[in-house]
Amino acid sequence: MSDYLDHLYPLIPIVHRPTFRADLEKGKDLFDGDFLTLVLSICAATVGTMPRKFNEYRNAPSPLRFQTRTEMINHCYDMCLGLRGPDYFDEINFNKWASSYLTQIALFQIGQHNRQRMVEVEAMQ
């Protein structure tokens, strides 16, 4: 999260930093599925747009278990899809839009252009 907030945020200012940091600190991702999808999508976008950092993440004290950026981004997207219920699109909110927007950025960065376009259309919807 710090890499997104420090380095990527100036290019993709999706969240309100003070509110986002406060939500992270209070563990909002533990009880709010839409916020969790936003966090997962931020992770995917960060890994997608900052490839040089991936090896750092893999060698961190709590290392990533993924071998490639593509594997991690696809896993984040699959987790986001798994958090959706049948009524997911019945209520529109900012976190849902931001999650789709950030995910399509990540997918574009790893060359999954058809999938990226599908998620981009979802964000536009």
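Quick caveat: nothing in here was measured; it's all calculated off a predicted structure. (Residues numbered from 1 in each chain as written. Predicted model: local features only at pLDDT ≥ 70, side-chain atom pairs only at ≥ 80, totals over all residues. Heavy atoms only, no water.)

Student: Please explain the overall build of the protein as it appears in this structure.
Tutor: When helices and strands are counted, the protein shows seven helices and zero strands. Counted from the first residue to the last, the protein has its helices and strands arranged as α-α-α-α-α-α-α. Against the globule reference of 14 Å for 125 residues, the protein gives a C-alpha radius of gyration of 14 Å, in line with a compact fold. Along the first, second and third principal axes, the C-alpha atoms of the protein reach 40 × 35 × 25 Å. Counting every position in the protein, which comprises 125 residues, the buried fraction comes to 42%. As presented, the protein carries roughly 7200 Å² of accessible surface, and 54% of it is formed by carbon and sulfur atoms. In the protein, 13 positive and 15 negative side-chain charges are present, and the distance between their average locations comes to 7 Å. (Helix = DSSP H or I, 4+ residues; strand = E, 2+ residues; numbered from the N terminus. Rg over C-alpha atoms; globule rule 2.2 N^0.38 Å. Buried < 20%, exposed > 50% of the residue type's maximum accessible area, 1.4 Å probe, protein only. Areas by Shrake-Rupley, 256 points an atom, 1.4 Å probe, with all protein chains shown as cover. Lys, Arg positive; Asp, Glu negative; His and termini not counted. Charge placed at Lys NZ, Arg CZ, Asp CG, Glu CD.)

Student: How should I be thinking about the environment of Asp29 in this particular structure?
Tutor: Here Asp29 lies in the loop between helix 2 (17–25) and helix 3 (33–49). Of the residues examined, Asp29 reaches a relative accessible area of 25% and is grouped as partly exposed. Each C-alpha atom, one on Asp29 and one on Asn55, is 25 Å from the other, the two residues being 26 residues apart in sequence. In this structure Asp29 touches Phe35 and Leu36, once residues within four positions along its chain are discounted. (Contact = heavy atoms within 4.5 Å.)

Student: Looking at this structure, I do not really get the packing of aromatic side chains. What am I missing?
Tutor: Geometry of an aromatic ring pair is reported as the spacing of the ring centres plus the angle between the planes. Counting across every chain of the model gives five aromatic pairs. Arranged with centres 5.5 Å apart and planes meeting at 50°, the rings of Phe20 and Phe35 form a pair that is tilted. Taken as a pair, Phe20 in helix 2 and Phe35 in helix 3 lie far apart in primary sequence, 15 residues in all. Across the pair, exposure class does not vary: Phe20 and Phe35 are buried alike. Where Tyr88 meets Phe89, the ring centres are 4.9 Å apart and the plane angle is 85°; that geometry is what we call edge-to-face. In this structure Phe89 comes out as partly exposed when scored by relative accessible area, which is 45%. Ring pairs connect the aromatic residues Phe94, Trp97 and Tyr101, which therefore count as one cluster. (Phe/Tyr/Trp six-rings, centres within 6.5 Å; stacked < 30°, edge-to-face > 60°.)

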